[in-house]
Amino acid sequence: MKSAVETLNPTRVRLTVEVPFEELKPSLDAAYKKINQQVTVPGFRKGKIPARVIDQRFGRGAVLEEAVNDALPRFYTQAVDEGKIEVLGQPDITNIEGVEKIADGGDLKFTAEVDIRPEITLPEFSSIEVAVDPIAVSDEDIEKSLEQLRERFSSVKDVERAAAAGDIVVVDLVAKVDGEVPDDGTAAGVSYEIGSGRLIDGIDEAVVGLSAGEEKTFETELKGGTQAGKTSEVTVTVTAVQEKELPELDDEFAQLASEFDTLEELRADSRKRLERMKEYDQATQAQEKVLDALLALVEIEYPEKLLADEIQTRKHNVEHHQLEPMGLNLDTYLETQGKTLEEWEAEIEEQAKKGIKTQFVLDQIVADEELGVNQEELTEHLIRRAAGSGLTPDQFAQQVVQGGQVPLLVGEVARGKALATVVEAAKVVDTEGNEINFDDDEADESQSGETVEAAAEEKTEA
């Protein structure tokens, strides 16, 4: 086999491949054998039909097509390996010549165009400098944390008075659109905390001042369901008004809500917990900012076909995996967001470019730094991914193996390690001017992996 590589542009090449008959003959023999096992000809045993009979009864074209279909992927792969080309996606194979002459000892020639990774010049990582938020836990932060804990241990009681902000009301809802109640236009016994914003717009103003048994009608724009985006006339009937009762913030509460005996011990533990959370947030912020700074210093050419496919995939995911479950179409979503179709498509393209660029740049670092992934690192990453999927680690691992996705997980871990390498070399300071060194668990590869995954898979929020 002979092959030649022609560079069409920085991200695409054309392979010209010539295969002599001697190397094609095994594919031709295999084609006759395969057809022999699939067809029946009177007077011949199955599998013993002569080639000339197959040509006469079924046409030589069918045999040649089968032989070429077997040969092309094999010789294309061989040409890629010989040319040491790092290809992206599937090739466009064209100009297949000599097919009709194969059975007579002729050669086969074809061309294949395919996207390749662009060459990337990386900056000095030490030239990157970013600023992050300082780790500071205030007394207000602690009190807010304790108030949230009190909320978790709160109870409710029915009260015979008008509803006020902060109360919980049990309501029945009937929504009319154009004077008609749609199939999903009613709901009964809905418990709602006034002011939480967890129900439809306008509900707070409608129920404040109502007592049990009273109702009010108001207009609102529906955000979900079959009538999403339409103006609806909603009648809300209050069936109960409930008041929240919070436990006293004292030693007894500390013993109820934690393993501590005193409120002061609980406060001290809250401070430590909040500091750990701030440290984690700071490390995540550093990784995100370092990654953005790194990407800003690198110029790349985007493979056209890869970029087009990525844009299409992201559009599909937004429309069918985010909007459809909410009962929204794209036009309604864009209207609620105040965006034009052109603006939305431009955002999708930028997200696609960032995802591709992130992967290319970090993969280059993996190669340059010769970063590997061991079994322990892969297992830790798998466990974290399983937790986010709602599956057990065993279930998630089985799903990954069956789907052939192990290389994808290995790539995620390796890119996480690449980002950690950059963060370690970069200069990170907080906004107060203090230099920060991430040489422990706060900036480990696992957390970097989550940052990389978020950057690479970033999607428009519905």
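Residues numbered from 1 in each chain as written. Predicted model: local features only at pLDDT ≥ 70, side-chain atom pairs only at ≥ 80, totals over all residues. Heavy atoms only, no water.

Brief notes about the overall build of the chain
Defined as follows: Note on conventions: DSSP H or I runs of at least 4 residues are helices, E runs of at least 2 residues are strands, and numbering of each starts at the N terminus. Here the radius of gyration uses the C-alpha set of atoms, whereas the globule reference equals 2.2 Å times the residue count to the power 0.38. For the exposure calls, accessible area comes from a 1.4 Å probe over protein chains only, and a residue counts as buried if that area is under 20% of its type's maximum, exposed if over 50%, partly exposed in between.
When you go through the chain residue by residue, the secondary structure sums to 14 helices and 12 strands. At 32 Å, the chain has a C-alpha radius of gyration far larger than the 23 Å of a compact globule built from 462 residues. For the chain, the spread of C-alpha atoms along the three principal axes comes to 95 × 65 × 45 Å. By the burial criterion, 37% of the 462 residues in the chain qualify as buried.

What to know about a positive patch on the surface
Here is the rule we go by: Two distance rules govern patches: like charges are joined within 9 Å, and nonpolar side chains (Val, Leu, Ile, Met, Phe, Trp, Tyr) within 5 Å, applied only to residues with over 30% relative accessible area and no salt bridge. With residues, only the protein chains shown are counted as cover, and all accessible areas are computed by Shrake-Rupley using a 1.4 Å probe. Definition used for salt bridges: Asp or Glu carboxyl oxygen within 4 Å of a side-chain nitrogen of Lys or Arg. Positive charges come from Lys and Arg alone, negative charges from Asp and Glu alone, with His and the N- and C-terminal ends not counted. Throughout, a charge is located at the NZ atom of Lys, the CZ atom of Arg, the CG atom of Asp or the CD atom of Glu.
Taken together, the side chains of Arg152, Lys272, Arg273 and Arg276 make up a positively charged region of the molecular surface. Top contributing element to the positive patch by residue count: helix H7 (residues 263-296), with three residues.

Things to note about the packing of aromatic side chains
What counts is decided by this rule: Pairing of aromatic side chains requires ring centres within 6.5 Å, counting the rings of Phe and Tyr and the six-membered ring of Trp. Pairs whose planes differ by under 30 degrees are stacked, by over 60 edge-to-face, and all others tilted.
Scanning the model with the defined rule gives one aromatic pair in all. Centroid distance Phe153 to Phe253: 6.0 Å. Interplanar angle 90°. Geometry classified as edge-to-face. With Phe153 in the loop between helix H4 (139-152) and strand E6 (155-158) and Phe253 in helix H6 (residues 251-257), this residue pair connects regions lying 100 residues apart in the sequence.

Describing the environment of Ala425
What counts is decided by this rule: Contacts: residue pairs with any heavy atoms within 4.5 Å of one another.
Here Ala425 is to be found in helix H13 (residues 406-425). Sequence-wise, Ala425 and Glu129 are 296 residues apart; in three dimensions their C-alpha atoms are separated by 9.7 Å. Once residues lying within four places of it in the same chain are set aside, the contact partners of Ala425 are Phe125 and Ser126.

With respect to the sheet that holds strand E5 (residues 129-132)
Basically, it comes down to this: Only strands joined by at least two bridges in the DSSP assignment are considered to pair.
Pairing in this open sheet of three strands is mixed, and the strands run E5-E11-E12 from one edge to the other. The sheet is open, and its two edges are formed by E5 and strand E12 (435-436), each paired on a single side. The pairing of strand E11 (residues 427-430) with E12 spans two bridges and is classified as antiparallel. Across the sheet, residue Val429 finds its bridge partner in E12, namely Glu435.

Things to note about the sheet that holds strand E3 (residues 87-97)
Quick note on the threshold: Working convention: axes come from line fits to C-alpha atoms, limited for helices to the stretch in contact. Angles between N-to-C directions cover 0 to 180 degrees.
The strand order E1-E2-E4-E3 describes an open sheet built from four strands, whose pairing is antiparallel. Both edges of this open sheet fall to strand E1 (2-9) and E3, since each of them pairs with a single strand only. Shown here is a sheet whose adjacent strand axes are inclined to one another by a mean of 20°, direction ignored.

Some details on the pairing of E1
As paired strands, E1 and strand E2 (residues 12-19) are joined by seven bridges and run antiparallel to one another. Paired with Ala4 across the two strands is Thr16, which belongs to E2.

Regarding helix H9 (residues 330-337)
For clarity, the cut-off: A 3.5 Å cut-off defines polar contacts: any pair of N or O atoms within that distance qualifies, except that in protein one atom must be a possible hydrogen donor and the other a possible acceptor, and neighbouring residues in sequence count only when both atoms are side-chain atoms.
Here H9 has its buried residues at Leu330, Thr332, Tyr333 and Leu334. Contacts from the buried residues of H9 go to helix H8 (304-323) and helix H10 (341-369). A distance of 3.3 Å separates the backbone nitrogen of Asp331 from a side-chain oxygen at the start of H9, and that oxygen is part of Asn329. Within two residues after H9, Gly338 carries a phi angle of roughly 65°, on the positive side.

Considerations on the packing of helix H11 (residues 375-389) against helix H12 (residues 393-402)
What counts, and what does not: Roughly parallel refers to an angle under 35 degrees, roughly antiparallel to one over 145, roughly perpendicular to one between 65 and 115, and oblique to any angle outside these ranges.
Put simply, H11 and H12 touch, their axes get as near as 9 Å, and they point 100° apart. It follows from the interaxial angle that H11 and H12 lie roughly perpendicular. The residues of H12 that touch H11, namely those facing Leu382, Ile383, Arg385, Ala386 and Ser389, are Pro393, Phe396 and Ala397.

A closer look at the pattern of salt bridges
Under the definition given, this model contains 26 salt bridges. Asp92 is the partner of Arg12 in a salt bridge, and the nearest nitrogen-oxygen pair spans 2.7 Å. Of this pair, Arg12 sits in strand E2 while Asp92 sits in strand E3, placing them 80 residues apart in sequence. For Arg12, a relative accessible area of 13% translates into the label buried. Look at Asp92 and you get partly exposed, because its relative accessible area is 34%. Across the pair Arg161 and Glu243 runs a salt bridge, and its minimum N-O distance is 2.9 Å.

Examining the side chain of Ser270
Assignment of secondary structure puts Ser270 in helix H7. For Ser270, a relative accessible area of 3% puts it in the buried group. For Ser270, the residues in contact, after removing those within four places along its chain, are Ile142, Ser145 and Leu146.

Details of the nonpolar core
The tendency in soluble globular proteins is for nonpolar side chains to be buried as a group. Here is the rule we go by: Buried Ala, Val, Leu, Ile, Met, Phe, Trp, Tyr and Cys residues that are joined via side-chain atoms within 4.5 Å together make up what is termed a nonpolar core.
Grouped together as the largest cluster of nonpolar side chains are 43 residues, with contacts concentrated most on Val290, Leu294, Leu362, Ile365 and Val428. Of all the secondary structure elements, the ones that give two or more residues to this core are E5, H7, H8, H9, H10, H13 and helix H14 (445-456). The greatest single-element share of this core, amounting to nine residues, is contributed by H10. Setting aside residues up to four positions removed in sequence, Val290 forms contacts with Ile128, Val130, Leu419, Val422, Val423, Ala426 and Val428. Of all hydrophobic cores here, the second largest spans 19 residues; its members include Val19, Val68, Phe75 and Phe110.

Section: the layout of surface pockets
Rolled over the atoms, a probe as big as a water molecule pinpoints where empty space is left. Filter applied, for reference: Both site types are read off a 1 Å grid over the protein atoms alone. A 1.4 Å probe that fits but cannot get out defines a cavity, while an open set with protein on both sides within 12 Å along at least five of seven lines defines a pocket; lining residues have an atom within 4 Å of a point. Grid points are joined across faces, edges and corners, and a volume is the space filled by probe spheres set on the points. Amino acids are sorted into nonpolar (Ala, Val, Leu, Ile, Met, Phe, Trp, Tyr, Cys and Pro), charged (Asp, Glu, Lys and Arg) and polar (every other residue, Gly among them).
Of the volumes computed, that of the second largest pocket is approximately 320 Å³. Around the second largest pocket, the lining comprises 19 residues; the ones closest to its centre are Ala175, Asp184, Ile200, Leu222 and Gly224. When contributions to the lining of the second largest pocket are tallied by element, the ones reaching two or more residues are strand E7 (168-176) and strand E8 (186-193). If one sorts the elements of the lining of the second largest pocket by residue count, E8 sits on top with three residues. Class assignment of the residues belonging to the lining of the second largest pocket gives a composition of nine nonpolar, six polar and four charged.

With respect to the environment of Val422
Checked against the element boundaries, Val422 lands in helix H13. On the accessibility criterion, Val422 (0% relative accessible area) is buried. It is 40 Å that separates the C-alpha atoms of Val422 and Thr336, two residues lying 86 residues apart in sequence. Other than its neighbours up to four places away in sequence, Val422 contacts Phe125, Ile128, Val290, Leu294 and Ile365.

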